[in-house]
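# Working through the structure, step by step
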Amino acid sequence: SSDVCSSDLPRGTTFILGRANLNVDVIPNNDIVDVIFSIDGNIQDWRYDNASHYEWTIHDALNLPLIGRHIVEVYVYTPSEKVASDEINIIIYTM
C-alpha cells in the first residue's frame, strides 16, 4: 500500500493569458524517483530525476496551447512508493 499526501488548503482559480510556466519545488528532494505533470488527469510530462525544482510550460501532450478551464496536477513519487500531489484550477487563454 502507498501513502498519499496532498495539500489540504482551499484552492482558487488562476487566470492565465498566454503561455505560462508551472514551477514546483520538492522538499526534500533526495528521495524522488519520478515527477509527473498532468492536465485533467492526462499525463503531459514525466521527469525521471531528483531535483529540488521543476519547471514545465503548461501545454497539452502535442505541445499545443491550452484554452479554457482545466485542472493541472503534479505527482511526486519516491522509491518507497509514497506519493505527494497537488493541483491547481486554471482558466487559460492564449493570444
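What this report covers is the structure whose coordinates are included nearby. (Residues numbered from 1 in each chain as written. Predicted model: local features only at pLDDT ≥ 70, side-chain atom pairs only at ≥ 80, totals over all residues. Heavy atoms only, no water.)

## Brief notes about the pattern of salt bridges
As enumerated under the stated definition, the model contains one salt bridge in all. Here Arg-47 ties to Asp-45 by a salt bridge, and the two come within 2.7 Å at their closest N and O atoms. The exposure class of Arg-47 is partly exposed, given its relative accessible area of 23%. (Salt bridge = Lys/Arg side-chain N within 4 Å of Asp/Glu carboxyl O. Buried < 20%, exposed > 50% of the residue type's maximum accessible area, 1.4 Å probe, protein only.)

## Structural notes on the environment of Ile-16
Structurally, the position occupied by Ile-16 is in strand β2 (residues 13-17). Considering only alpha carbons, one finds Ile-16 and Ile-91, 75 residues apart in sequence, at a separation of 6.2 Å. For Ile-16, the contacting residues outside a window of four places in its chain are Ile-58, Ile-90, Ile-91, Ile-92 and Tyr-93. (Helix = DSSP H or I, 4+ residues; strand = E, 2+ residues; numbered from the N terminus. Contact = heavy atoms within 4.5 Å.)

## Quick notes on unusual backbone geometry
Peptide bonds are trans in most cases, and residues, glycine excluded, mostly fall at negative phi. At Asp-40, a position not held by glycine, the phi torsion is positive, near 50 degrees. If you trace the backbone, Asp-40 turns up in the loop between β4 (34-39) and β5 (42-47). If you check the backbone angles, Glu-81 has positive phi at about 70 degrees while not being a glycine. In this structure, Glu-81 sits in the loop between β7 (68-77) and β8 (83-93). On the basis of relative accessible area, Glu-81 is assigned to the exposed category, the value being 52%.

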